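# Analysis of the macromolecular model
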Amino acid sequence: MARAGLTTERVVAAAADLADEAGFESVTVSGLARRLGVKDASLYTHVRGLRDLRMRMALLAGGELIEEIADAVAGRAGKEALAAFAGAYRAYALRHPGRYAATQIRVEAPVAADSPVLRRTAEITYGMLRAYGLEEPDLTDAVRLLRSTFHGYCALEAAGAFGAPRDVQASWDRAVAALHVALEHWPAGG
């Protein structure tokens with residue numbers, strides 16, 4: 001019943017596709033095995049279990065997301081870079097809901113320390129924010145502000161929770177403009 005050509009990368013990609021279709025929390029080793037036409041035990045050659053699979057999905061999706069963001073912000077700075085970063089983030093979150101959900105899990109410290117994806121994410125994000133003249137600990141605080149704002153907005157939008165007649169894109173644009181102002185006028189003395 002084993003499928004020829006099954007690799008860790010294909011298993012993780014199939015899990016990410018399943019997450020986009022059924023939701024991140026709906027991905028199970030058994031469900032993925034059924035999707036791939038193999039027995040559950042066959043997947044344990046490629047992943048150590050559900051936790052490992054989800055961690056790998058998070059890294060896959062995080063890599064996809066940061067590459068889209070990097071492409072969007074290339075050659076830009078300040079408000080233009082922030083708007084491009086935000087737009088790429090939102091587009092990915094709405095286009096790939098299961099993958100995006102995977103990016104929200106906490107990556108274990110040993111995995112995070114060795115992850116080129118997380119290093120690239122920090123480089124791109126902190127690089128964009130340094131254009132605002134921010135240094136630590138303000139950089140970490142600004143990253144948390146952006147992430148929580150973008151995530152909250154995307155989660156509410158994906159759930160259809162914005163019921164007011166105001167255009168959702170117009171509100172997004174205003175939120176990004178407000179973040180730009182906040183970053184330009186970051187409070188001193190953190």
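Residues numbered from 1 in each chain as written. Predicted model: local features only at pLDDT ≥ 70, side-chain atom pairs only at ≥ 80, totals over all residues. Heavy atoms only, no water.

## A word on the overall build of the protein
To keep things clear, this is the line we draw: We count a stretch as a helix when DSSP gives it H or I for four or more residues in a row; a strand needs E for two or more, and each element gets its number in order from the N terminus. Remark: exposure states derive from per-residue accessible area (1.4 Å probe, protein chains only) relative to the maximum for the residue type, with buried under 20%, exposed over 50%, and partly exposed in between.
Secondary structure summary: the protein contains ten helices and zero strands in total. Listing each helix as α and each strand as β along the protein from the N terminus yields α-α-α-α-α-α-α-α-α-α. Overall, the C-alpha framework of the protein stretches about 60 × 40 × 30 Å when taken along its three principal axes. Burial analysis of the protein (190 residues in total) assigns 41% to the buried set.

## Re unusual backbone geometry
Look at the link from glutamate 136 to proline 137: it is a cis peptide, with omega at 5°. Relative to the assigned elements, proline 137 resides in the loop between α8 (116–130) and α9 (138–158).

## Here's the deal with α8
Where we set the bar: Here, expected helix span is obtained from the residue count minus one, scaled by 1.5 Å. The contact criterion used throughout is that any non-hydrogen atoms of two residues lie within 4.5 Å. Polar contact is defined as a pair of N or O atoms within 3.5 Å, subject to the rule that within protein one atom must be able to donate a hydrogen and the other to accept it, and that residues adjacent in sequence are counted only when both atoms are side-chain atoms.
Its 15 residues give α8 an end-to-end C-alpha distance of 20 Å, which sits within 8% of 21 Å, the value for a rise of 1.5 Å per residue. Within α8 the residues assigned to the buried category are Ile124, Thr125, Tyr126, Met128 and Leu129. Residues of α8 that are buried in the fold lie against α4 (50–73), α5 (78–95), α9 and α10 (168–184). The backbone nitrogen of valine 117 lies 3.3 Å from a side-chain oxygen of the residue at the head of α8, namely serine 115.

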